[in-house]
Amino acid sequence: GAVVSQHPSWVICKSGTSVKIECRSLDFQATTMFWYRQFPKQSLMLMATSNEGSKATYEQGVEKDKFLINHASLTLSTLTVTSAHPEDSSFYICSARGPGASGGVETQYFGPGTRLLVL
Amino acid sequence: KQEVTQIPAALSVPEGENLVLNCSFTDSAIYNLQWFRQDPGKGLTSLLLIQSSQREQTSGRLNASLDKSSGRSTLYIAASQPGDSATYLCAVAGNQFYFGTGTSLTVIP
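Residues numbered from 1 in each chain as written. Chains lettered and ligands numbered in written order. Predicted model: local features only at pLDDT ≥ 70, side-chain atom pairs only at ≥ 80, totals over all residues. Heavy atoms only, no water.

The helix and strand inventory of chain B stands at zero helices and 11 strands. For chain B, the succession of helices and strands along the chain, N to C, is β-β-β-β-β-β-β-β-β-β-β. Computed over the C-alpha atoms, the radius of gyration of chain B is 13 Å, within 12% of the 13 Å expected from 2.2 N^0.38 for a compact globule of 109 residues. When the backbone C-alpha atoms are referred to their principal axes, chain B occupies close to 40 × 25 × 20 Å. Among the 109 residues that make up chain B, the fraction classed as buried is 44%. (Helix = DSSP H or I, 4+ residues; strand = E, 2+ residues; numbered from the N terminus. Rg over C-alpha atoms; globule rule 2.2 N^0.38 Å. Buried < 20%, exposed > 50% of the residue type's maximum accessible area, 1.4 Å probe, protein only.)

A few words on the interface of chain A and chain B. On the side of chain B, 17 residues touch chain A, which itself brings 17 residues to the contact. Taken as a group, Ser43(A), Leu44(A) and Phe110(A) account for 32% of the area that chain A buries against chain B, more than any other trio of residues on that side. Across the chain A-chain B interface, the total number found is zero salt bridges. Along the contact surface separating chain A from chain B lie three residue pairs in polar contact (both at pLDDT 80 or more). Mapped by element, the contributors of at least two residues to the side of chain A that touches chain B are strand S4 (32-38), strand S5 (44-51), strand S9 (90-98) and strand S10 (107-110) of chain A. Classifying every residue of the side of chain A that touches chain B gives eight nonpolar, five polar and four charged. (Contact = heavy atoms within 4.5 Å. Buried area = accessible area lost by both parts, 1.4 Å probe. Salt bridge = Lys/Arg side-chain N within 4 Å of Asp/Glu carboxyl O. Polar contact = N/O pair within 3.5 Å; in protein donor to acceptor, adjacent residues only side chain to side chain. Nonpolar A, V, L, I, M, F, W, Y, C, P; charged D, E, K, R; others polar.)

Here the focus is the side chain of Ser43(A). Note that Ser43(A) resides in the loop between S4 and S5. Side-chain polar atoms of Ser43(A) contact the backbone oxygen of Gly100(B), separated by 2.3 Å.

Below, the structure written as structure tokens:
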């Protein structure tokens, strides 16, 4: 089946630094990818929709200048957390829209997540 | 805006019991509904996907139903095992994915 990978799986950084997280669709092309954030004991919240070759669409309340998204190819989207602060510590999960089983309706495939800890 | 609610928030059962997790959503205009499993500190594992035109899907000991008109879905787990302990999330797909708040399941050996 379709596989989505994320790198790194976890990262610890100092406050004020920038962190880049990669999301790759390994065996399919994804024109649309999504970035989610999950705080402890809470559900996933959509941050932005990443479209290949165009600007990302951010959800209300998400700072686009802080969370930079680049979808430069059909298999790669990156999320850069700029000037990270402790409140940005969270679990970041990406997903990619891909082919459904047996050629069925498209569905979303989720990456394994990246845990970010900002000290 | 779509709102997805899961009840109960937490559930603890002895091994071998059958159990039902509930998911409700406010907007019936969905493409599909998906149930996921999330282990602590891990990503999502897709369990079952029900298209909007379908009523249920089965995989092994899992059965998920969908009643789009009433905005409800249930996940039935038969003969629960300790390895089933995890958080179960439902998500509805409209213009975007909307996730429920999750049910934390503990199966006691």
